[in-house]
Amino acid sequence: MPKNVKKTEDDTEAEKEENPEVENSGKLLIDATCVPGDIRYPTDLSILNESREKLETIIDVIHAERPKGATKPRTYRQRARKDFLAVIKKRKASKNKIRKAIRKQLGYIRRNLRHIEQLAAGVGLKSLSRKQYRNLLVISEVFRQQALMYENKDHRMSGRIGICQHRFRVL
């Protein structure tokens, strides 16, 4: 069929009869400025918060394997969440407040990683799923990178890891 001739309904029906499996399979975004609104840009603070939340679930899984009566390590979940939300809800948080919030999240993550080391020494990491174990390894690297950037008062790093849409990837 020539390029400048439009297809009629009969032509498209004939194509469907030849290929009955051809159907509309989703949306196509043509313009580069049209992106879904539910994708967010990960900030250092949100990356740390998501890492902390994942560590808390890992602590729960490992603690479940311990014998009855063993005390669960303190994770300060509510306080950490409250500290995170206090900054993230602000329309325009100052640099000092963001830096202070990052320091707090780094402290919570450091504590949780130490708890996981102690729990793993007693019970081991056998109870973790493959995904949780991978997340633990990636979170320890995220913590190292974020702590280094915090100490150097820098926001850039080559090979920087972030969490985007519930997956870890290099930013």
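Right above here is the structure, for reference.
Residues numbered from 1 in each chain as written. Predicted model: local features only at pLDDT ≥ 70, side-chain atom pairs only at ≥ 80, totals over all residues. Heavy atoms only, no water.

**Student:** Explain the overall build of the protein chain here, please?
**Tutor:** Secondary structure assignment for the protein chain yields 5 helices and 2 strands. Ordering the α and β elements of the protein chain from the N terminus gives α-α-α-α-α-β-β. Within the protein chain, contacts between residues separated by at least 24 positions form 64% of all contacts whose residues are at least 6 apart in sequence. Carbon and sulfur atoms make up 51% of the accessible area of the protein chain, which amounts to about 13000 Å² in all. (Helix = DSSP H or I, 4+ residues; strand = E, 2+ residues; numbered from the N terminus. Contact = heavy atoms within 4.5 Å. Areas by Shrake-Rupley, 256 points an atom, 1.4 Å probe, with all protein chains shown as cover.)

**Student:** Can you walk me through the packing of aromatic side chains in this structure?
**Tutor:** In this description, a pair of aromatic rings is defined by centroid distance and the angle of the planes. As enumerated under the stated definition, the model contains 0 aromatic pairs in all. Residue placement shows Arg99 over the ring face of Tyr150; its charged tip is 3.9 Å from the ring centre. (Phe/Tyr/Trp six-rings, centres within 6.5 Å; stacked < 30°, edge-to-face > 60°. Lys NZ or Arg CZ within 6 Å of the ring centre and 35° of its normal.)

**Student:** Explanation requested: the pattern of salt bridges in the structure shown.
**Tutor:** Note on pairing: side chains with opposite charge can pair once their charged atoms come close. Per the counting criterion, the structure on display carries 7 salt bridges. The partner of Arg81 in a salt bridge is Glu53, and the shortest N-O contact between them spans 3.6 Å. Of this pair, Arg81 sits in helix α3 (residues 77–88) while Glu53 is found in helix α2 (residues 44–64), placing the two residues 28 residues apart along the sequence. Residues Asp83 and Lys104 are paired through a salt bridge, measuring 3.9 Å at the closest nitrogen-oxygen approach. With Asp83 in helix α3 and Lys104 in helix α4 (residues 95–122), this pair connects stretches of sequence that are 21 residues apart. A relative accessible area of 18% means that Asp83 is categorised as buried. The structure contains a network of salt bridges with shared partners spanning Arg52, Glu53, Glu56 and Arg81. (Salt bridge = Lys/Arg side-chain N within 4 Å of Asp/Glu carboxyl O. Buried < 20%, exposed > 50% of the residue type's maximum accessible area, 1.4 Å probe, protein only.)

**Student:** In this structure, what is going on with the packing of α2 against helix α5 (residues 130–152)? I would like to understand it.
**Tutor:** The relative placement of two packed helices comes down to the angle between their axes together with the axis-to-axis distance. Their axes nearest at 10 Å, the elements α2 and α5 cross at an angle of 140°. When the axes of α2 and α5 are compared, the pair comes out oblique. Between α2 and α5 lies a crossing of left-handed hand. Residues Asp44, Ile47, Leu48, Ser51, Lys54, Leu55, Ile58 and Val61 of α2 touch α5, and the partners they reach there are Gln132, Asn135, Leu136, Ile139, Val142, Gln146 and Met149. When the residues that make up the contact of α2 with α5 are grouped by side-chain class, the tally is 9 nonpolar, 4 polar and 2 charged. (Axes fitted to C-alpha atoms, helices over the stretch in contact; angles between N-to-C directions. Parallel < 35°, antiparallel > 145°, perpendicular 65-115°, else oblique. Left-handed = near helix turned anticlockwise from the far one by under 90°. Nonpolar A, V, L, I, M, F, W, Y, C, P; charged D, E, K, R; others polar.)

**Student:** Sorry, what's going on with the nonpolar core here?
**Tutor:** The tendency in soluble globular proteins is for nonpolar side chains to be buried as a group. Core analysis: the largest hydrophobic core is formed by 22 residues, its most contacted members being Leu55, Leu106, Ile116 and Leu136. Contributing elements (two or more residues each) for this core: α2, α3, α4 and α5. A total of 7 residues in this core trace back to one element, the largest contributor, which is α4. Apart from residues no more than four positions distant in its own chain, Leu136 is found in contact with Leu55, Ile58, Leu113, Ile116, Leu125 and Leu128. (Core = buried A, V, L, I, M, F, W, Y, C linked by side-chain atoms within 4.5 Å.)

**Student:** What is the right way to look at the environment of Ser129 in this model?
**Tutor:** You can see Ser129 is positioned in the loop between α4 and α5. In the structure, Ser129 is positioned 68 residues away from Val61 in sequence and 9.4 Å away in space, judged by C-alpha atoms.

**Student:** Where do I start with α3 in this structure?
**Tutor:** Structurally, the α-helix is built with 3.6 residues per turn, so residues lying three or four positions apart point the same way. Helix length check: α3 (12 residues) gives 16 Å between terminal C-alpha atoms against 16 Å at 1.5 Å per residue, within 8%. Within α3, burial applies to Ala80, Asp83, Phe84 and Val87. Down the axis of α3, the buried side of the element spans an arc of 95°, and every buried residue falls inside it. Projecting away from the buried face of α3 at angles above 90 degrees are the exposed residues Gln78 and Lys82. (Expected span 1.5 Å × (residues − 1). Arc of directions from axis to C-beta.)

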